[in-house]
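Reading the structure
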Amino acid sequence: MVMAVPHLQHPSFLLASLKADCMNKPFAQRCHDLEIVIEDFPAKELHSIFPWLVENIFGSLDGIIVGWNLCCLHGRANPTEYAIALDFLDPSGPMMKLVYKLQAEEYRYEFPVSYLPGPVKASMQERILPECSLYHNKVQFPPSGGLGSNLALNPFEYYMFYFAISLITQKNTPTAHHVSPSNCAYFNLVDTYLKWFLPTEGSVLPPSSSNPGGAIPSPAPRSPAVPFTSYGLHHTSLLKRHIAHQPSVNADPASQEIWRSETLLKVFVEMWLHHYSLEMYQKMQSPHVKESFKPTEEHVLVIRLLVKHLHAFANSLKPEPLSPSAHSHTASPLEEFKRVVIPRFVQQKLYIFLQHCFGHWPLDASFRAVLEMWLSYLQPWRYAPEKPLQSAEPHPRSVSEKWAPFIQENLLMYTKLFVGFLNRALRTDLVSAKNALMVFRVAKVFAQPNLAEMIQKGEQLFLEPELVIPHRQHRLFMTPSLGGSFLSSRPPTITDASFKVKSHVYCLEGQDSQYKQMFGPEVRNLVLRLAQLIGQAQQTAKSISDHSAETIASQSFLSWFRFGSSDMNGSYTGNDLDEIGQDSIKKTDEYLEKAQEYLCQIFRLNEAQMTQLMMNCGAAEDENGKKQLPDCIESEDGLILTPLGRYQIINGLRRFEIEYQGDAELQPIRSYENATLVRLLFQLSSAINERFADQMEILCSREDFIGMLCRYHLTNPFLAEKGRHSPTLKQRSGHSRQPRISLRFLASYRTLLSLFMIYFIAAWFCIRPLACTFIILVGYLLYAIVMTFFTERWKPHQH
């Protein structure tokens with residue numbers, strides 16, 4: 001539990017009365033009383049109630065105390081409480097006035113290290129100081145030398161730590177599923193704080209305090225050795241600093257203007273994104289490692305809000321002056337902060353977070369939240385001040401060359417994550433409209449004019465040979481200003497761009513990473529496989545639509561008596577037809593068709609390739625022309641499934657007809673057969689076949705009508721045709737088909753019941769059993785003659 005400083009161990013009378021009011025008074029009255037207390041009481045009294053009040057609002061770190069439950073507080077369900085909570089926690093509201101009032105007195109509050117994100121907690125437990133300056137000069141160890149270390153935070157940091165971490169600690173509380181998470185109080189507060197502390201226009205407003213004139217100290221001023229101008233690179237020290245040697249906090253007048261903005265961003269990034277380090281992510285690739293942190297859909301939506309605002313914040317940067325000297329004298333700390341906010345504070349942690357989500361998120365429609373967050377990061381031009389006119393141009397506007405540096409310095413965000421999405425899409429049921437929409441969204445974004453060319457240019461810059469400085473580890477930690485001094489005859493701009501791309505890749509993936517080109521042959525094959533699956537999903541969606549229409553048309557009165565067909569072997573089992581619906585199938589087809597078109601544009605696939613792909617996509621159709629076999633290839637041992645065929649079977653898109661392929665006389669006794677009769681008739685048939693085998697062979701080899709009649713009864717002319725629908729071995733298909741008689745049909749209860757009914761009806765007409773038997777034999781002989789004639793006539797068409 002969070003504790004105040006040691007000399008205020010007992011709660012004051014004010015704290016006791018507020019706790020009593022919390023139990024007895026309604027929410028609106030409590031907030032009004034708190035506003036009066038914050039205005040009237042001195043900081044010394046307010047200091048004792050601050051930790052309790054923060055926990056009462058945002059909940060306890062262990063999740064036991066729910067607090068105001070801002071993630072579940074929606075304006076439609078509770079409009080009064082919603083409005084009061086937003087006003088109370090507004091950047092200019094009573095709660096922030098309390099924070100600034102305590103900030104002026106330089107109070108400190110303890111936050112347990114055990115509740116920090118995994119990588120930070122692990123680093124501190126090893127007595128290693130994290131790289132983020134948010135933790136510098138704040139770690140305190142207990143005097144007894146135990147493990148319960150804490151961070152000593154100022155009031156603003158303490159408030160923001162609790163606010164940010166409440167998104168995670170309160171994630172298990174029930175939410176209203178019919179209400180969008182973006183309409184909750186927490187989401188709106190995040191948006192308000194971002195707009196207030198990271199303004200796109202003007203500067204950060206001063207604290208609304210009674211003493212605003214520079215009395216609020218900076219929590220963690222930047223060291224002069226790490227200026228903002230070097231933020232473009234991840235200046236990771238080669239030697240990890242021990243936690244005992246924390247850098248001293250020196251006053252930095254330039255940082256006073258934006259310390260709240262910097263602190264807010266660092267806290268949000270640390271609490272929401274820094275749950276996986278590079279080392280931890282590499283360990284998570286093993287399937288035996290248990291996942292330590294599982295982000296929720298609401299969590300990802302809030303991160304997307306942060307990403308979108310940071311793009312707008314960074315894009316609001318004023319154009320650089322032509323003179324470098326003018327830039328160094330006129331740029332304000334806020335302008336410098338805008339210049340480095342994404343590469344310095346967000347890029348690495350967001351990349352690792354996305355890598356984890358792409359690899360571990362369930363293969364369902366909830367991945368849409370992660371996808372849209374990723375696509376928002378990839379398109380900073382959408383949040384630029386100069387918005388393109390949507391109505392003026394029928395085609396999407398070309399991505400300007402001014403964004404080439406961003407694309408090059410975020411190359412892995414475009415290329416490696418695109419490959420990660422391809423691998424997910426190849427394992428997804430694309431017949432679902434929601435999954436098809438995700439493929440369409442990614443293809444549409446990457447198909448924007450000039451974007452693929454700029455990504456390809458970035459890959460070429462990364463693959464440039466290092467002719468000047470062969471040792472990459474030396475180049476990695478050089479500042480950009482030194483990069484130009486080692487140039488030979490190569491153009492400076494190309495070399496500097498190449499260095500930045502290499503630095504970006506090596507910082508995020510390590511020195512020994514193997515880069516997989518997005519436009520290389522390996523990824524191109526993945527795209528072709530995806531295009532093939534898209535074609536297959538379109539065919540499946542069409543067959544579902546046809547099947548659904550036929551099912552509706554075939555409804556009849558007999559269905560009330562359960563006489564309808566119960567055979568579901570030919571239907572698609574990957575989705576529920578009632579859930580899909582005709583409208584959803586239509587959307588699926590539209591999404592997949594456009595996605596395929598966009599993929600052809602991105603990877604320059606010609607029409608001949610796509611036609612061949614579609615021809616290979618479908619397997620042979622069955623006799624009805626609708627059911628299709630899984631994709632397979634012919635080999636010496638029979639049919640062998642391809643990866644596409646395995647995918648089709650796993651997702652229920654296609655299947656083989658499961659039929660008994662052995663000796664029909666030896667198949668298991670069925671429930672509709674009499675076991676005793678089956679065994680007796682088998683012995684009788686075996687005796688006849690053994691006794692008259694030669695005679696039956698001679699009769700079947702005759703070319704006249706007698707031979708045709710014997711072949712129809714003593715051999716199975718459709719046995720070979722059935723073998724085509726199953727991946728049986730060719731050795732089995734060549735099983736001996738010698739002429740033989742089978743009497744097993746007489747053991748069927750259905751046959752016995754039919755014979756009994758015939759004899760019973762014949763008795764009504766005074767037909768004796770012997771005469772009835774003769775009529776049955778004559779009738780069957782006529783039927784056999786007709787069937788023999790048609791069987792021999794159709795035989796040439798069976799090949």
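In what follows, the structure referred to is the one given above.
The following paragraphs examine the structure supplied in this document. (Residues numbered from 1 in each chain as written. Predicted model: local features only at pLDDT ≥ 70, side-chain atom pairs only at ≥ 80, totals over all residues. Heavy atoms only, no water.)

The backbone of Asn 69 shows a phi angle near 55°, a positive value even though the residue is not glycine. Structurally, Asn 69 can be placed in the loop between α3 (43-58) and α4 (79-88). Using a relative accessible area of 18% as the deciding quantity, one classes Asn 69 as buried. If you check the backbone angles, Arg 127 has positive phi at about 60° while not being a glycine. (Helix = DSSP H or I, 4+ residues; strand = E, 2+ residues; numbered from the N terminus. Buried < 20%, exposed > 50% of the residue type's maximum accessible area, 1.4 Å probe, protein only.)

This next bit is on the side chain of Gln 448. Note on placement: Gln 448 falls in the loop between α18 (433-446) and α19 (451-462). Judged by relative accessible area, Gln 448 falls into the buried class, the value being 14%. Side-chain polar atoms of Gln 448 contact the side chain of Trp 381, separated by 3.3 Å. In this structure Gln 448 touches Gln 379, Trp 381 and Val 399, once residues within four positions along its chain are discounted. (Polar contact = N/O pair within 3.5 Å; in protein donor to acceptor, adjacent residues only side chain to side chain. Contact = heavy atoms within 4.5 Å.)

Inspection of the secondary structure puts Gln 408 in helix α16 (residues 404-409). Ignoring anything within four residues of it in the chain, the contact list for Gln 408 reads Lys 457, Gly 458, Leu 461, Ala 497, Val 501 and His 504.

Before going further, it helps to examine the environment of Ser 545. Tracing the backbone shows Ser 545 in helix α23 (residues 521-553). Ser 545 gets classed as buried once you look at its relative accessible area, which sits at 18%. Taking the C-alpha atoms as reference points, Ser 545 and Lys 586, separated by 41 residues in sequence, lie 8.9 Å from one another.

Another point: the sheet that holds strand β1 (residues 109-112). Each strand in a sheet pairs with another by means of backbone hydrogen bonds, the pair being arranged parallel or else antiparallel. Taken together, the three strands give an open sheet; going across it, the order is β1-β3-β2, and neighbouring strands pair in antiparallel fashion. Edge positions in the sheet fall to β1 and β2 (139-140), since each of these pairs with one other strand and no more. Here four bridges tie β1 to strand β3 (residues 150-153), and the two strands are oriented antiparallel to one another. The residue bridging Pro 112 from the neighbouring strand is Asn 150, located in β3. (Pairing = 2+ DSSP bridges.)

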